[in-house]
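Coordinate analysis (summary)
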Amino acid sequence: MEKKSDPSTRIFDLLQFGEYGDVNPSVTDSATYTFLEAKTMSDTFAGKQEGCYLYSRHWNPSNKYLSDALAALEGTESAWVTASGMAAITTAILQLVNSGDHIVSSMTIYGGTFAFLNNYLKKFNIDVTFVNITDFEEVKNAIRPNTKLIYTETMTNPMLQISDIPALAKIANEKGIKLAVDNTFTPMIVSPALLGAHIVIHSLTKFINGKNDCVAGAVCGTKDYINSLCDVNSGTAMLLGPSLDPLRSSSILKNMHTLHIRMKQHSLNAAYLADKFRTAGFKVNYPGMTDNPGHETLKKIMNEGFGFGGMFTIDVETSEKANKLMEKMETEQVGYLAVSLGYFKTLFSNSGKSTSSEVPEEIQHKMGLPEGLIRFSVGLDNDIELTWKRIEKCLDVLNV
Ligand SMILES: *Cc1c(COP(=O)(O)O)cnc(C)c1O
């Protein structure tokens, strides 16, 4: 029987080709579009005419192709692509909240998102309560009459907590509010919208593009919600203008067609290295391990066949030790000491001093983020046993 729920098949089944039958859709190289009749233009502006392109900040054919592929990936009606993951996050949230509203957010989230929620939204008198997203009582108790949104990441950065999306969606629906989920760490592996999330956000910069050659993002949701983002009078996307360049859209679209294969390999390699680190006596956090606090939840919500993801962390106690180990691993060609993730080479960084440095130290302690945490985004290495041998050569630096 056909597996209807397989995200890679949903992308595979899209019929997208260029105007001359070119197998890759043509690339939009225009900011504006001609109309043969003036009335069609005014109808398009009024939102009464579908299928016409007006201006590339609003919509353009290349961005539409990529958006359709992302909507297929996530099983949503629609999507809109942005110039970065942060643009997707800020656009999605600003469309939903007004001055005086309140948001409940997972405490462990990407550092930039934390800074936006904690610092930037103060400008608009929007309050945010940060909670342990795996504690449903805490989530429920944080909701106020003016709460508009529950915000989380499927697999949180960098603690790799797993959000129980069906349970959170139930809480949101009972209160008549929205659940927005950043699915950047787990494309293919989890389909939040099919589990009840109202909005799914991606930094395409990471696994989805997978080449580290650009930054980009996406918001996926209902047709009504995505149309509201693009409304010429009130749409956050239209009015703040974080549109993705269509040349980039076209290159990201091609990379999406290898995403399912890449996710499998990232997962296989991460599981292998996580296990080796544990056997060598390290404290390891990998949701694929059966005794991991998020393991059962992830098993419950995941799509089959893509593994448990390419991310794991180890704790080497101090940032000095973390730095020594990372420098040595770079020298031994394990990968790069760099932020970001989802690249074909392994990337590692000390979260507390890099991608989570926006999170104040006291909150880092509260969320249990150890100073010596090294986050690995494991690459596509064909010989992962060799990679472990290289890592083994580096471990001595921790003993001096
Ligand atoms: C990187 C990242 C972002 C931000 O995306 P950019 O493309 O860098 O703007 C948001 N959320 C998560 C989970 C990320 O890893």
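1. Considering the site of the ligand
Close to the ligand lie 14 residues; G85, M86, D182, T205 and K206 are nearest. Contact distances for the ligand include 2.9 Å between an oxygen atom and a side-chain N or O atom of S203. A distance of 2.6 Å separates an oxygen atom of the ligand from a polar side-chain atom of T205. Relative to its free-state accessible area of 380 Å², the ligand is covered by the protein chains to the extent of 93%. Examining the composition of the shell around the ligand, we find that 3 residues originate from one element, helix 4 (residues 85–96), more than from any other.

2. Examining the sheet that holds strand 8 (residues 283–285)
Spatially, 5 strands are ordered 8-9-12-11-10 in an open sheet, and the strand pairing comes out mixed. Only two strands of the sheet have a single neighbouring strand rather than two, namely strand 8 and strand 10 (336–337). With 4 bridges connecting them, strand 11 (residues 347–350) and strand 12 (residues 373–377) associate as antiparallel partners. The residue bridging S349 from the neighbouring strand is R375, located in strand 12. Contacting strand 8, strand 9 (311–315) and strand 12, helix 11 (residues 259–279) runs over the sheet at an angle of about 15° to strand 9.

3. Concerning the packing of helix 3 (residues 61–74) against helix 10 (residues 246–256)
Between two packed helices, both the angle of their axes relative to each other and the distance between the axes serve to describe the pair. It is the contact of helix 3 with helix 10, at a shortest axis distance of 8 Å, that shows an interaxial angle of 35°. Considering only the axes of helix 3 and helix 10, their crossing is left-handed. Mapping the contact onto sequence places S62, N63, Y65, L66, A69, L70 and L73 in helix 3 and P246, S249, I252, L253 and M256 in helix 10. Residues of the contact of helix 3 with helix 10, tallied by class, amount to 9 nonpolar, 3 polar and no charged.

4. Overview of helix 7 (residues 165–175)
When we look at burial in helix 7, the residues that qualify are I165, L168, A169, I171 and A172. Seen end-on, helix 7 carries its buried residues on one side only, within an arc spanning 160°. Facing away from the buried side of helix 7 by over 90 degrees, the exposed positions are K170 and E174. Packed against the buried residues of helix 7 are helix 6 (136–142), strand 4 (147–153), strand 5 (178–182) and helix 12 (295–301).

5. Quick look at the pairing of strand 7 (residues 217–221)
The buried count for strand 7 comes to 5 of 5 residues, which makes it a mostly enclosed element. Two strands pair when backbone bridges link them, and strand 6 (residues 199–203) and strand 7 are joined in this way by 4 bridges, in the antiparallel orientation. Counted as the bridge partner of V200 is C220 from strand 7.

6. Some thoughts on helix 5 (residues 111–118)
Within helix 5, 7 of the 8 residues are buried, leaving the element largely enclosed by the surrounding structure. Along helix 5, the residues that are buried comprise G111, G112, T113, F114, A115, F116 and L117.

7. Brief notes about the packing of aromatic side chains
Summed over all chains, the structure comprises 11 aromatic pairs. For the pair F114 and F130, a centre-to-centre distance of 4.6 Å together with 35° between the ring planes defines the contact as tilted. Residue F114 is found in helix 5, and its partner F130 is found in strand 3 (residues 127–131); the two are separated by 16 residues along the sequence. Residue classification places F130 among the buried residues on the basis of a relative accessible area of 14%. Plain terms: the ring middles of F277 and F282 are 5.2 Å apart, the flat faces sit at 90° to each other, and that makes the pair edge-to-face. In this structure, F277 and F282 share a single accessibility class: buried. The structure contains a cluster of three or more aromatic residues connected by ring pairs, namely F277, F282, F312, F348, F376 and W388.

8. Quick notes on the domain arrangement of the protein chain
Each assigned domain of the protein chain is listed with its residue range as follows: domain 1 (7–256) and domain 2 (260–399). Centre-to-centre, using C-alpha coordinates, domain 1 lies 27 Å away from domain 2. Contacts between domain 1 and domain 2 engage 35 residues on the former and 42 residues on the latter. For the pair domain 1 and domain 2, the interface holds 1 salt bridge. Here D164 makes a salt bridge to K300, at a shortest N to O gap of 2.7 Å. The interface formed by domain 1 and domain 2 holds 10 residue pairs in polar contact (both at pLDDT 80 or more) in total.

The rules behind these values
Each residue is numbered by its place in its chain's sequence as written, counting from 1. Totals for whole chains, interfaces and linings use all residues, but because this is a predicted model, local features are given only for residues with pLDDT of at least 70 and pairs of side-chain atoms are given and counted only at 80 or more. Only hydrogens and water are set aside when side-chain values are computed; all heavy atoms of the structure are taken into account. A single heavy atom is enough: if one lies within 4 Å of a molecule or strand, its residue is considered near that molecule or strand. Identification of polar contacts relies on pairs of N or O atoms within 3.5 Å, with a donor-acceptor requirement for protein atoms, meaning one able to donate a hydrogen and the other able to accept it, and with residues adjacent in sequence counted only if both atoms are side-chain atoms. Computed by Shrake-Rupley with a 1.4 Å probe, the accessible areas treat only the displayed protein chains as cover when residues are assessed. In this description a helix means any DSSP run of H or I spanning at least four residues, a strand means any run of E spanning at least two, and both kinds are numbered starting from the N terminus. The pairing criterion is simple: DSSP has to find at least two bridges between the two strands. Any pair of residues with heavy atoms lying within 4.5 Å of one another is described as a contacting pair. To define axes, lines are fitted to C-alpha atoms, for helices over the stretch in contact only, and angles between the resulting N-to-C directions are given on a 0 to 180 degree scale. Crossing handedness follows the turn of the near helix against the far one: under a right angle anticlockwise gives a left-handed crossing, and clockwise gives a right-handed one. Each residue gets one of three labels, nonpolar for Ala, Val, Leu, Ile, Met, Phe, Trp, Tyr, Cys and Pro, charged for Asp, Glu, Lys and Arg, and polar for the others, Gly among them. The cut-offs for exposure are 20% and 50% of the maximum accessible area for each residue type, with area from a 1.4 Å probe on protein chains only; residues under the lower value are buried, those over the upper are exposed, and the others partly exposed. As used here, the arc belongs to the directions running from the helix axis to the C-beta atoms. Each Phe, Tyr or Trp ring, with Trp reduced to its six-membered ring, pairs with another whose centre is within 6.5 Å; inter-plane angles below 30 degrees give stacked pairs, above 60 give edge-to-face pairs, and intermediate values give tilted ones. For the purposes of this description, domain bounds are those given by an automatic or database domain assignment. The rule for a salt bridge is simple: a side-chain nitrogen of Lys or Arg has to be within 4 Å of a carboxyl oxygen of Asp or Glu.

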